[in-house]
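Per-entry structural report
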Amino acid sequence: MECYLFDEPTYFFFTSDLPQLLYYSHVPTTIIALLVGLFVFFNARHLLLNRLLLLISLCFSGWTLISLIAWTNIHGDLILFTWPLFGVFQALISVFSIYFIYVFLNKRDVGFTLKLLFLALLTPVLIFAHTDVSVSGFNLAACDSFGYEGLAYKIYYTGLGFLAMGWIGALLIAKYRKAEGSFRKQIVLMGIGIESFLFSFSFFTFIATYLTGLGIFPDSSLELYGLFGMTIFMIFMSILIVQFRAFNAGITTSSALIVALVILIGSQFTFAPNNTSKMLTAITLIVTGVTGILLIRSVKKEIAQRKEIERLAQHLEQANTRLKALDKQKSEFVSIASHQLRSPLTAVRGYASLLLDGDYGPLPQNAIEPLQRIEKSSRLMTYAIEDYLNVSRIESGNMKYNYSDFNLKDEVEHICDDLRQDAIKNGLSLIFRSDLMSRGIIHADLGKTVQIVQNLIHNSIKYTKEGSIKVLVRDDVVRKKIHVDIIDTGIGMNKETLLTIFQKFERADNANSVNVHGTGLGLYVAKMMTEAMGGEVKAASDGDGKGSCFTITFPLAL
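Cut-off values and rules
Residues numbered from 1 in each chain as written. Predicted model: local features only at pLDDT ≥ 70, side-chain atom pairs only at ≥ 80, totals over all residues. Heavy atoms only, no water. Helix = DSSP H or I, 4+ residues; strand = E, 2+ residues; numbered from the N terminus. Buried < 20%, exposed > 50% of the residue type's maximum accessible area, 1.4 Å probe, protein only. Polar contact = N/O pair within 3.5 Å; in protein donor to acceptor, adjacent residues only side chain to side chain. Contact = heavy atoms within 4.5 Å. Pairing = 2+ DSSP bridges. Axes fitted to C-alpha atoms, helices over the stretch in contact; angles between N-to-C directions.

1. With respect to the side chain of threonine 64
- Among the structural elements, threonine 64 can be located in helix α2 (residues 48-72).
- The exposure class assigned to threonine 64 is buried, which follows from its relative accessible area of 1%.
- Side-chain polar atoms of threonine 64 contact the backbone oxygen of serine 61, separated by 2.8 Å.
- Each residue touching threonine 64, except ones within four places of it in the same chain, is listed here: His26, Thr30 and Leu227.

Structure representation (structure tokens):
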């Protein structure tokens, strides 16, 4: 400390015979804190987070200002007045840091109750700052009060710093566990920066002044190391600004900030008192410059990529909107066309059946086969039209469901009985089995359920050249589910086909080798109707040529 026997400091702060790190620890850290705080504030002053960062920077700058006064000034009355402000600024930094992290993590202001708690924590410091509880005397010979500081008061405002560390750490950990993506990285960077600052600032300042007061240290120069925590904090804030555009700061602001920091650190050569300080300044300048250049290059590249992605996303969104409109128009056209085609096809199929049944008299032998082909073709076309109509109803939201309770096992067995002749005509066996612990009652649309099961069994018959089709009805009373497994020895499916088989107009790659009449809509319709009734349909296969298994699942009725 300088006192009355020494010369007045130059420019209020600068004098000789002081610790080598004094100006290096005070001046750069203060200007860095103010630069970052002001850059962030003026970039988006309406944001509470930006205002809080500026407040932390201003409180820290206030602390370093009175610290410089205490180290360099020779006027005891001025030092005596400013000395109690150490505790005030340190307490404000701790509480504002907690407030800052709350807003950073939750993107909104804290509640009124929490603000009252913050005020309650600050009140003792503000009330007793300029009383004997804070400082009870003054050493005129050395211009300090180290031996006269109230220990309880000092422990309280220092304890606020350690309270802030624990509080902030708990908030960051809790949010980190729930966060995803880049926000996790932001939480880590913020945590390292602010916790490093609070620890170094609170720990070194307390230890230095406390041990000096006990006479163990000749002065409190140890506290100078604690100020570098602010530089670490602001470096991490700069990384958040540059890499993640935190505080709504753009790349121009970020670049200006890096340049300003480099200029600031370089300017320390003008007042570095010795080679040690110059060496430290040179190392800091190199590290900051290289890091800044790498960050700016990286962010410029990332921003360019992001803009390109946003442009492509916008184009995709426009294309998707257009495709949806076209798909809607297509569905409307298909619905109209299908309705117009179904009536004449029904008439063709009906008259062909009547002719084959002999209702119009005996037919020549050579006319029977052509009529059979007419009847079969019209039946296949009717099924296709029904699929188109169902798709149209599903996508327009006009599909109606009439729910009732019925026995699924009995209905599936009847369907197998009806379709067994079709299977036999194709040289296949159709086997029905059941394994139920319940009655097998479900609450669904009976007609739609029959259509779904028929669709999947028809599908297995179409795509199975030889072998069998097994239909198994089983239940799981614990999970209250009932399943219908349709297992065939047909063409099977590879992994790629399994991923798309339930999409519109999708068929297995090898489907045409067995059946060329499929529309690629039957499985899509079955899936949509099943899910609409609270069930699900899944497909499984060991690969091409190894058969398939389709499983329909419905909830059991209570």
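Next comes the rest of the write-up.
2. Details of the pairing of strand β7 (residues 548-555)
- Most of β7 is tucked away, with six of its eight residues classed as buried.
- Where strand β5 (residues 481-488) lies against β7, eight bridges are found, and the strand directions are antiparallel. In the sheet register, histidine 483 faces β7, and the bridge partner there is threonine 553.
- Summarising the sheet, strand β6 (residues 536-541) and β7 pair through six bridges and their orientation is antiparallel.

3. Considerations on the environment of alanine 164
- Locating alanine 164 in the fold gives a position in helix α6 (residues 151-178).
- Judged by relative accessible area, alanine 164 falls into the buried class, the value being 0%.
- Separated by 69 residues in the primary sequence, alanine 164 and valine 95 have C-alpha atoms spaced 6.9 Å apart.

4. A word on the sheet that holds β7
- An order of β2-β4-β5-β7-β6 is seen for the five strands of this open sheet, with the pairing classed as mixed. Strand pairing shows two members of the sheet lacking a second neighbour, β2 (428-435) and β6, which therefore form its edges. Averaged over all neighbouring strand pairs, the angle between strand axes comes to 15°, with direction disregarded.
- Contacting β2, β4 (467-476), β5 and β7, helix α13 (residues 408-425) runs over the sheet at an angle of about 170° to β2.
- Its contacts with the sheet put helix α16 (residues 522-532) on β6 and β7, and the angle it makes with β6 is roughly 135°.

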